[in-house]
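Examining the three-dimensional arrangement
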Amino acid sequence: FLFPLLPIIGPIYPKKLSAYGCGFDPLGDARSCFDIRFYLVSILFIIHDPEVTFSFPWAVPPNKIDPFGSWSMMAFLLILTIGSLYEWKRGGGRTKERAIPTLNQLIRHGREEKTTHRPYSSFWDKNDYLFKI
Amino acid sequence: MIIYLTEIQDIHFFFRLESFKEIYGIIWVFAPILILILGITISVLAIVWLEREISAGIQQRIGPEYTGPFGVLQALADGTKLLFKENLIPSRGDIRLFSIGPSISVISIIISYSVIPFGYNFVLSDLNIGVFLWIAISSIAPIGLLMSGYGSNNKYSFLGGLRAAAQSISYEIPLTLCVLSISLLSNSLSTVDIVDAQSKYGFWGWNLWRQPMGFIVFLISSLAECERLPFDLPEAEEELVAGYQTEYSGIKFGLFYVASYLNLFISSLFVTVLYFGGSNISIPYIFVSDFFEINQTYGVFVTIIGIFITLAKTYLFLFLSIATRWTLPRLRIDQLLNLGWKFLLPISLGNLLLTTSSQLFSL
């Protein structure tokens with residue numbers, strides 16, 4: 001019942017509700033864009049989830065099936081395995097190209113954006129956007 | 001006149017009986033649920049204390065020692081403090097997503113406890129799809145994390161939420177395939193049946209010996225699901241402050257804190273149930289049944305022994321998880337995803353095919 005009294009007890013400071021670590025109004029929206037690889041992980045998950053989902057009725061006794069049923073499931077898993085190997089070969093899961101930026105790198109990158117001059121142009125050209133996986 | 005009075009009295013009496021019967025039935029439905037939740041809460045307090053004591057031991061310093069004997073009430077004091085902290089909401093965040101996220105994480109994890117057999121047939125609800133229920137529910141918790149990260153409108157939180165979702169769905173596939181292998185061996189998805197299947201040959205009947213690769217993959221995957229070091233990228237204190245938890249304070253942060261330990265506890269329970277025989281008390285080369293001939297007459301004694309054995313095994317894995325946290329460095333996100341998709345997934349799939357082959361030959 002004290003809640004109606006809260007505005008009287010303590011004044012509301014706007015800075016308290018600001019985003020973490022900000023002494024000023026945050027620039028832009030934090031949800032503008034993100035690395036495509038997160039989306040790619042979701043796609044991979046969608047491929048393998050039906051694999052798992054279809055395997056459960058096959059493994060449980062009320063649906064215990066004869067060798068024909070087992071080999072059918074083998075064929076199904078084989079198709080998915082071929083797809084996985086193809087995706088592996090194509091490099092869909094390859095994420096070694098970029099290291100994870102540390103906080104210092106993020107701060108440095110934020111500073112660099114303020115100026116047109118880039119002293120480490122060879123490095124920054126390879127990391128052209130802020131968010132990395 | 002006398003007959004009428006008698007009939008009226010009888011009607012009142014039976015009406016009262018029916019009312020009591022209903023009340024009694026309702027009480028009996030809620031009592032085990034409340035007891036289970038109380039037990040879980042006490043376990044979380046114990047785990048928090050364990051983590052601090054074990055980390056203190058590993059780092060050669062003193063853990064909590066002032067609140068209560070040996071500092072066991074420290075977690076309770078911390079929880080009370082969180083209750084009294086101000087509940088801040090970021091001004092530019094999405095209030096609904098921000099508020100609902102922690103609740104989804106906690107609720108989805110607590111529901112999973114209903115299928116854990118703590119003793120012989122001592123389970124809240126023996127569903128014939130108990131393990132499947134746990135897998136389905138563990139898919140829901142990352143949604144809460146993603147909602148929290150998105151609703152905070154903070155770059156650190158957003159990236160933490162994305163990492164949490166990517167990590168969780170990456171390691172869910174190997175985890176599920178391992179569980180599938182266990183179901184193949186046990187011919188059931190019921191946790192009670194899985195425990196029973198492991199008690200046929202005593203100690204050597206545990207699925208640990210029949211699924212060694214599955215056990216290792218399951219351990220690693222469950223550690224990643226719980227976001228424990230070396231898999232704590234969604235929090236990653238040196239990079240993301242606290243990940244999706246950055247903007248949280250007070251009881252909402254407390255919910256996230258509790259959710260992580262609840263998740264750890266239930267993962268340890270499932271390792272015990274799926275691979276270590278659950279409440280099976282067999283010790284190699286010792287015929288325990290001879291020592292406990294009393295078992296057959298005292299049911300409560302058997303139940304207590306079962307609970308004790310289950311929790312003892314579970315705390316072994318809790319110790320492993322806690323010790324792992326304070327001894328290993330964090331992985332990079334590319335190493336994390338490579339481990340999940342390129343190593344654990346093929347290994348668990350191969351393990352499943354191997355199990356299938358052995359089952360076919362045994363048929």
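What you see is a predicted model, and the numbers here were worked out from it, not measured in a lab. (Residues numbered from 1 in each chain as written. Chains lettered and ligands numbered in written order. Predicted model: local features only at pLDDT ≥ 70, side-chain atom pairs only at ≥ 80, totals over all residues. Heavy atoms only, no water.)

Focus: the overall build of chain B
We count it as follows: Counting from the N terminus, the helices are DSSP H or I runs at least four residues long and the strands are E runs at least two residues long. Exposed residues in this analysis have more than 50% of their type's maximum accessible area, buried residues have under 20%, and partly exposed residues fall in between, with area computed by a 1.4 Å probe over protein chains only. The criterion used for residue contact is that any of the two residues' heavy atoms lie within 4.5 Å. Throughout, the Shrake-Rupley method with a 1.4 Å probe supplies accessible areas, and for residues the shown protein chains are the sole cover considered.
Secondary structure summary: chain B contains 14 helices and 0 strands in total. The order of α-helices and β-strands along chain B, N terminus first, is α-α-α-α-α-α-α-α-α-α-α-α-α-α. Within chain B, the proportion of its 363 residues that are buried is 50%. Across chain B, the fraction of contacts at a sequence separation of at least 24, relative to all contacts at a separation of at least 6, is 80%. Surface accessibility of chain B: about 17,700 Å² in total, with carbon and sulfur atoms responsible for 71%.

Some thoughts on the side chain of B:Ser222
Looking at the secondary structure, you find B:Ser222 in helix H9 (residues 212–225). Discounting residues that sit within four places of it in the chain, B:Ser222 has contacts with B:Leu175 and B:Ser267.

Some points on helix H5 (residues 141–151) of chain B
Residues and elements named next belong to chain B. Within H5, 8 of the 11 residues are buried, which leaves the element mostly enclosed by the surrounding structure. Every buried residue belonging to H5 is among Ala-141, Pro-142, Gly-144, Leu-145, Met-147, Ser-148, Gly-149 and Gly-151, and all of these are buried. The elements touched by buried residues of H5 are helix H3 (95–112), helix H4 (130–138), helix H6 (155–186) and helix H11 (250–275).

Considering the nonpolar core
Residue and element names in this part refer to chain B. Put simply, the rule reads: We define the nonpolar core as a collection of buried residues of types Ala, Val, Leu, Ile, Met, Phe, Trp, Tyr and Cys that are connected through side-chain atoms lying within 4.5 Å of one another. For each domain, the first and last residues come from an automatic or database assignment.
The biggest cluster of nonpolar side chains holds 78 residues, and the ones touching the most others in it are Tyr-113, Phe-218, Phe-270 and Leu-274. Per element, the largest residue contribution to this core is 14 residues, and it comes from H6. For this core, the two domains that each supply at least three residues are domain 1 (1–81) and domain 2 (85–361). Apart from residues lying up to four places away in sequence, Phe-218 is in contact with Trp-134, Leu-175, Cys-178, Val-179, Phe-270, Val-271, Leu-274 and Tyr-275.

A word on the packing of aromatic side chains
Residue and element names in this part refer to chain B. Stated precisely, the cut-off is as follows: Ring geometry is summarised as follows: Phe, Tyr and Trp rings, the Trp one being its six-membered ring, pair when their centres sit within 6.5 Å, and such pairs are stacked at plane angles under 30 degrees, edge-to-face over 60 and tilted between the two.
Scanning the entire structure with this criterion turns up 8 aromatic pairs over all chains. An angle of 65 degrees between the planes, with centres 5.6 Å apart, marks the rings of Phe-215 and Tyr-275 as edge-to-face. Here Phe-215, found in helix H9, pairs with Tyr-275, found in helix H11; they are 60 residues apart in sequence, far enough to count as distant. Here Phe-215 matches Tyr-275 in class, with each residue buried. Between Phe-218 and Tyr-275, the aromatic rings sit 5.4 Å apart at their centres with planes inclined by 55 degrees, giving tilted as the arrangement.

Some points on the UniProt feature "transmembrane region" in chain B
Basically, it comes down to this: UniProt positions are given in the numbering used here, feature names are shortened, and annotations may be inferred rather than shown by experiment.
Taken from the UniProt record, the annotation "transmembrane region" applies to residues 26–46, 104–124, 129–149, 253–273, 300–320 and 336–356 of chain B. Taken end to end, residues 253–273 of chain B is 100% helix and 0% strand, and its first and last C-alpha atoms sit 30 Å apart.

With respect to H4(B)
Condition: Summarising the geometry, the arc corresponds to the directions from the helix axis toward the C-beta atoms.
Of the positions making up H4(B), those classed as buried are B:Gly130, B:Val131, B:Trp134, B:Ile135, B:Ile137 and B:Ser138. Taken down its axis, H4(B) places every buried residue within 165 degrees of arc, on the same side.

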